[in-house]
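Residue-level listing of the chains:
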Amino acid sequence: MYHLTHRPSSWDEVVGQEVIVSKLRKAIFPLPPYMLEGGRGLGKTSMALVLGKSLGIAKGNIIEINCVHYSTKASIEDIYRNFLRGSFHGSSKLLVLDEIHGMSSASQQFLLKELENLPSERAVIACTTTVEKVIPTLLDRFVRYRVKPLSDSNLKIILDKVIKEEGIALSRWKKVLLIKSVDGNPRNLLTSLYKIEDTSLSKEDVEKILEVASVVNDGEDVLSLAKMLLSGSPWEAISKEMTVLLKKLTPDSIRIALVSIYSSRLLSRYVTDEKDTLELTKVFLETLRSNSFLEKANLILSVRHLYLIIKGE
Ligand SMILES: Nc1ncnc2c1ncn2[C@@H]1O[C@H](COP(=O)(O)OP(=O)(O)OP(=O)(O)O)[C@@H](O)[C@H]1O
Ligand SMILES: [Mg+2]
């Protein structure tokens, strides 16, 4: 996939994000801990790794951990101790704390103390999409930067570079539709490019593909709501999840994501039972139907209705 093979590997290759690039490209030891915060696929991890390179840190001395998988205090302590230790690869080291919001609060408390006096030649950079889950005292330890969605002209720079390097012939109208569909998100740009590069696709096909792609991107967030509904979670939990979702997404995109999740489940090999498919079909039709009036009211009512259907009332 192009988003994996076309990661920026130097500050010159990072498009946009001018504030972050101008500050971090000048960074030299000793350094404060940095934090990059912002939406999915906007280049946080890529820039964290570029920082390591631009500081001249050997690859073997760049420790990248996904905090979601190392959330216990014991494992963070282990990783941190190892990070402080000397190494054969050189004197400087970088610790990338990816998805730092996934750490338990005990682990966050541990870091709070450690980050107060970061030794020279040790750099720490954290990335997060969900800054609200990081304890405020820990946030204060970091110099924080917000990663922003890219402008259409910056997306075009990335797109033109990738299609040139890959030898893809992409017509102008496809470029325009593609850029318009991804809302400033470079990762979505490259994953959607992959889906529409085929030259035999009609304009209508491309529009459909891009529409579905943008829904599937939101799908990840809506998936938990879909699962809660199907597993018969209590209404309190469902309504709480909806409140969170409605802060991020429009009611219609939540509804469309639900429809596409349910329809793809119908084709899944995990759903074999007749009763299950009947249930799913009901849920699917209900979600599909609820698009005629005020979109927010519709969504809430249809989710409530689904909840009642699943409970068998
Ligand atoms: N500023 C940029 N310039 C060029 N390419 C970019 C830029 N930002 C992101 N990309 C492209 O998007 C891809 C995804 O970026 P990355 O994985 O760094 O995002 P992320 O913010 O860490 O996402 P997540 O929150 O999901 O972990 C990169 O591999 C790269 O191809
Ligand atoms: Mg990342």
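Residues numbered from 1 in each chain as written. Chains lettered and ligands numbered in written order. Predicted model: local features only at pLDDT ≥ 70, side-chain atom pairs only at ≥ 80, totals over all residues.

Observations regarding the overall build of the protein
Part 1: Scanning the protein from terminus to terminus reveals 14 helices and five strands.
Part 2: Over its C-alpha atoms, taken along the principal directions, the protein stretches across nearly 65 × 50 × 35 Å.
Part 3: Among the 313 residues that make up the protein, the fraction classed as buried is 31%. (Helix = DSSP H or I, 4+ residues; strand = E, 2+ residues; numbered from the N terminus. Buried ≥ 20, exposed ≤ 12 C-beta atoms within 10 Å, placed from the backbone.)

Quick notes on the packing of helix 7 (residues 152-166) against helix 9 (residues 186-196)
Part 1: The contact between helix 7 and helix 9 brings their axes to 10 Å, and the two run at 40°. In this structure, helix 7 crosses over helix 9, and the sense of that crossing is right-handed. Within the contact between the two elements, helix 7 uses Leu155, Ile158, Leu159 and Val162 and helix 9 uses Pro186, Leu189, Leu190 and Leu193.
Part 2: Grouping the constituent residues of the contact of helix 7 with helix 9 by class yields eight nonpolar, no polar and no charged. (Axes fitted to C-alpha atoms, helices over the stretch in contact; angles between N-to-C directions. Left-handed = near helix turned anticlockwise from the far one by under 90°. Contact = placed C-beta atoms within 7 Å. Nonpolar A, V, L, I, M, F, W, Y, C, P; charged D, E, K, R; others polar.)

What to know about the sheet that holds strand 4 (residues 122-128)
Part 1: Taken in spatial order, the five strands line up as 2-3-4-1-5 in an open sheet, and their pairing is parallel. Two strands bound the open sheet, and with one partner strand each, they are strand 2 (62-66) and strand 5 (143-146). Taking each pair of neighbouring strands and ignoring which way they run, the sheet shows an average axis angle of 15°.
Part 2: Of the pairings in the sheet, the one linking strand 1 (residues 34-37) to strand 5 comprises four bridges and is parallel in character. Counterpart to leucine 36 in the pairing with strand 5 is tyrosine 145.
Part 3: With respect to the sheet, helix 4 (residues 73-84) is in contact with strand 2, strand 3 (93-98) and strand 4, its orientation differing from that of strand 2 by roughly 170°. (Pairing = 2+ DSSP bridges.)

Structural notes on the nonpolar core
Part 1: Residues Leu36, Ala48, Leu94, Val96, Ile125 and Ala126 are the most contacted members of the largest nonpolar core, which totals 34 residues.
Part 2: Listing elements by their share of this core, those giving two or more residues are helix 2 (18-24), strand 1, helix 3 (44-54), strand 3 and strand 4.
Part 3: Filtering out sequence-adjacent residues up to four positions away, leucine 36 remains in contact with Lys44, Met47, Ala48, Ile125, Cys127, Tyr145 and Val147.
Part 4: Counting residues in each nonpolar core, the second largest holds 19 residues, with Leu229, Ala257, Leu258 and Val259 among its members. (Core = buried A, V, L, I, M, F, W, Y, C linked by C-beta atoms within 7 Å.)

Let's talk about the pairing of strand 1
Part 1: Side-chain alternation along strand 1 places Tyr34 and Leu36 on one buried face and Met35 and Glu37 on a second face that is also buried.
Part 2: Alignment of strand 1 against strand 4, held across four bridges, turns out to be parallel. For leucine 36, the partnering residue across the bridge sits in strand 4 and is cysteine 127.

Some thoughts on the site of ligand 1
Part 1: The local shell around ligand 1 holds 21 residues, among which Gly43, Lys44, Thr45, Ser46 and Pro186 are the closest.
Part 2: Put simply, the parts of the chain that give the shell around ligand 1 at least two residues each are helix 3 and helix 9.
Part 3: The residue makeup of the shell around ligand 1, split by class, is eight nonpolar, nine polar and four charged. (Near = placed C-beta within 6 Å.)

A look at the environment of alanine 74
Part 1: Relative to the assigned elements, alanine 74 resides in helix 4.
Part 2: When the C-alpha atoms of alanine 74 and alanine 106 are compared, they prove to be 9.5 Å apart, with 32 residues separating the residues in sequence.

What about the pairing of strand 4?
Part 1: Most of strand 4 sits inside the fold, with six of its seven residues counted as buried.
Part 2: As judged from the five bridges shared by strand 3 and strand 4, these two strands associate in the parallel manner. Across the sheet, the residue bridging to leucine 94 is alanine 123, located in strand 4.
Part 3: Assessed by its sense of winding, the connection that carries the chain from strand 3 through helix 5 (residues 105-114) to strand 4 is right-handed. (Right-handed = clockwise from strand over helix to strand, strands pointing away.)

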